[in-house]
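Chain by chain, the residues run as shown.
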Amino acid sequence: MKIAVLPGDGIGPEIVAQAVKVLAALRSDGLKIELENGHIGGAGYDAAGDPFPAATEKLAKESDAILLGAVGGYQYDNLPRPMRPEQGLLRIRKGLGLFANLRPAMVYPELVNASSLKPELVSGLDIMILRELTGDIYFGQPRGIRTLENGERQGFDTMHYSESEIRRVAHVGFQSAMKRGKKLCSVDKANVLDTSMFWREIVSEVAKEYREVELSHMYVDNAAMQLVRAPKQFDVILTGNIFGDILSDEASMLTGSIGMLPSASLDANNKGLYEPCHGSAPDIAGKDIANPLATILSVAMMMRYTFAADDVAQRIEAAVRKTLQQGLRTGDIYEAGTQKIGCAAMGDAVVASL
Ligand code: IPM
Ligand code: MG
């Protein structure tokens, strides 16, 4: 298992270090794991003047899987757009064809009180958001800021989805539903956007190949509401890049903390990039208080999706569960009666449980 490790910025290095402890423990148990570090985001800009340096691209392409922390920091906020840390993330996703972004939102029984919703609404929640990751308004051309004939300036972006882009992610969605509750809700804005109308048409066509899966369609505004009204109605949510960006952050809060949410971004051959759903949290960087569990759970997803090692994935997930059962919590999921510990201590505790 050749894994590229890209810690990135902010809390990235701290949380990735905990996930690397888990990988090291698995290696001493006999898994053939090879790790190599690279720079991305602001760290790439600092090291090589580019948020996605050529050396990182090479490393990522040669590896089977990529473990990434997070990108972004205040010191980079005023750089020209091509140099900004987020571009590193967007370029690695696009450059490696990582079009299928899986963002599970699961509520651990131990954390049911950490959710901002009533326990009965979220207890037992287990949904999968599948976000298309390399198309949509994120990458559409043309885009920019232009001056109109009347002299007024205008910002503009382009939303589009081609048939093949919709088709391939829809297949991932239906296949993922087949392995779960056999329900797929496709989220769009077909009442307003032509791109969405087309999205709906193609998803409905692909559905004919998966008769066992119950397909529904929902407008994104309604989906945003339903996620906080009755989130357990969902099994798999399939949606485009920008809607998925927004809905997955919303869904994270159902689980109590965005610090618990892992993600996988896969290409057509299950090569993948694994990262927590949260950002680089520069305000708490270097303080040893970040929650490393989303990153550790991303390693579990890596074992499951890229390396087809479901047993190893389950072992990591069980170790996280056990650590929570012991009452250990980082600050974001702390509640009275539990024990607050730091990022590094949480990593050690998971390794001990493992
Ligand atoms: C995410 C993030 C990124 C995105 C940013 C950092 C570019 O919000 O992974 O959800 O918008 O995709
Ligand atoms: Mg986001």
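The rules behind the values
- Residues numbered from 1 in each chain as written.
- Chains lettered and ligands numbered in written order.
- Predicted model: local features only at pLDDT ≥ 70, side-chain atom pairs only at ≥ 80, totals over all residues.
- Heavy atoms only, no water.
- Helix = DSSP H or I, 4+ residues; strand = E, 2+ residues; numbered from the N terminus.
- Expected span 1.5 Å × (residues − 1).
- Buried < 20%, exposed > 50% of the residue type's maximum accessible area, 1.4 Å probe, protein only.
- Near = heavy atom within 4 Å.
- Polar contact = N/O pair within 3.5 Å; in protein donor to acceptor, adjacent residues only side chain to side chain.
- Nonpolar A, V, L, I, M, F, W, Y, C, P; charged D, E, K, R; others polar.
- Domains from an automatic or database assignment.
- Axes fitted to C-alpha atoms, helices over the stretch in contact; angles between N-to-C directions.
- Parallel < 35°, antiparallel > 145°, perpendicular 65-115°, else oblique.
- Contact = heavy atoms within 4.5 Å.
- Disulfide = S-S within 2.5 Å.
- Core = buried A, V, L, I, M, F, W, Y, C linked by side-chain atoms within 4.5 Å.

Caption draft 1: Geometry of helix α1 (residues 12–28). With 17 residues, α1 extends 24 Å between its outermost C-alpha atoms, agreeing within 8% with the 24 Å of an ideal straight helix rising 1.5 Å per residue. The complete set of buried residues in α1 reads Gly12, Glu14, Ile15, Val16, Gln18, Ala19, Val22, Leu23, Ala25 and Leu26. Just past α1, the residue Gly30 takes up positive phi, approximately 115 degrees.

Caption draft 2: A look at the site of ligand 1. Every residue lining ligand 1 is accounted for by Glu86, Leu89, Arg93, Arg103, Arg131, Tyr138 and Asp245. Here an oxygen atom of ligand 1 sits 2.8 Å away from a polar atom, N or O, in the side chain of Arg103. Tyr138 is positioned such that a nitrogen or oxygen atom in its side chain is 2.5 Å from an oxygen atom of ligand 1. Considering only residue class, the shell around ligand 1 consists of 2 nonpolar, no polar and 5 charged. Per-domain counts for the shell around ligand 1 show at least three residues from each of domain 1 (1–104 + 260–354) and domain 2 (126–253).

Caption draft 3: Representation of the packing of helix α8 (residues 220–229) against helix α9 (residues 241–254) in the model. Orientation of α8 relative to α9, taken along the N-to-C sense of each, is 10 degrees, at an axis distance of 10 Å. The angle between α8 and α9 falls in the class roughly parallel. Of the residues in α9, those in contact with Val220, Ala223, Ala224, Leu227 and Val228 of α8 are Phe243, Leu247, Glu250 and Leu254.

Caption draft 4: Representation of the state of the cysteines within the structure. Scanning the entire structure with this criterion turns up 0 disulfides. Considering cysteine sulfurs only, Cys277 is the nearest to Cys185, which forms no disulfide, with 18 Å between them. With a relative accessible area of 4%, Cys185 lands in the buried category. Lacking any disulfide linkage, Cys343 is separated from the closest cysteine sulfur, that of Cys277, by 17 Å. Here Cys343 falls in the buried class, since its relative accessible area comes to 0%.

Caption draft 5: Representation of the nonpolar core in the model. The biggest cluster of nonpolar side chains holds 61 residues, and the ones touching the most others in it are Phe174, Leu293, Met303 and Ile316. Looking at this core, the element that brings in the most residues is helix α10 (residues 293–305), giving 8 residues. The two domains that each donate at least three residues to this core are domain 1 (1–104 + 260–354) and domain 2 (126–253). For Ile316, the contacting residues outside a window of four places in its chain are Val22, Leu26, Ile296, Val299, Ala300, Met303 and Leu354. In terms of nonpolar packing, the next biggest core, distinct from the first, is built from 20 residues, Met218, Leu227, Phe234 and Ala251 among them.

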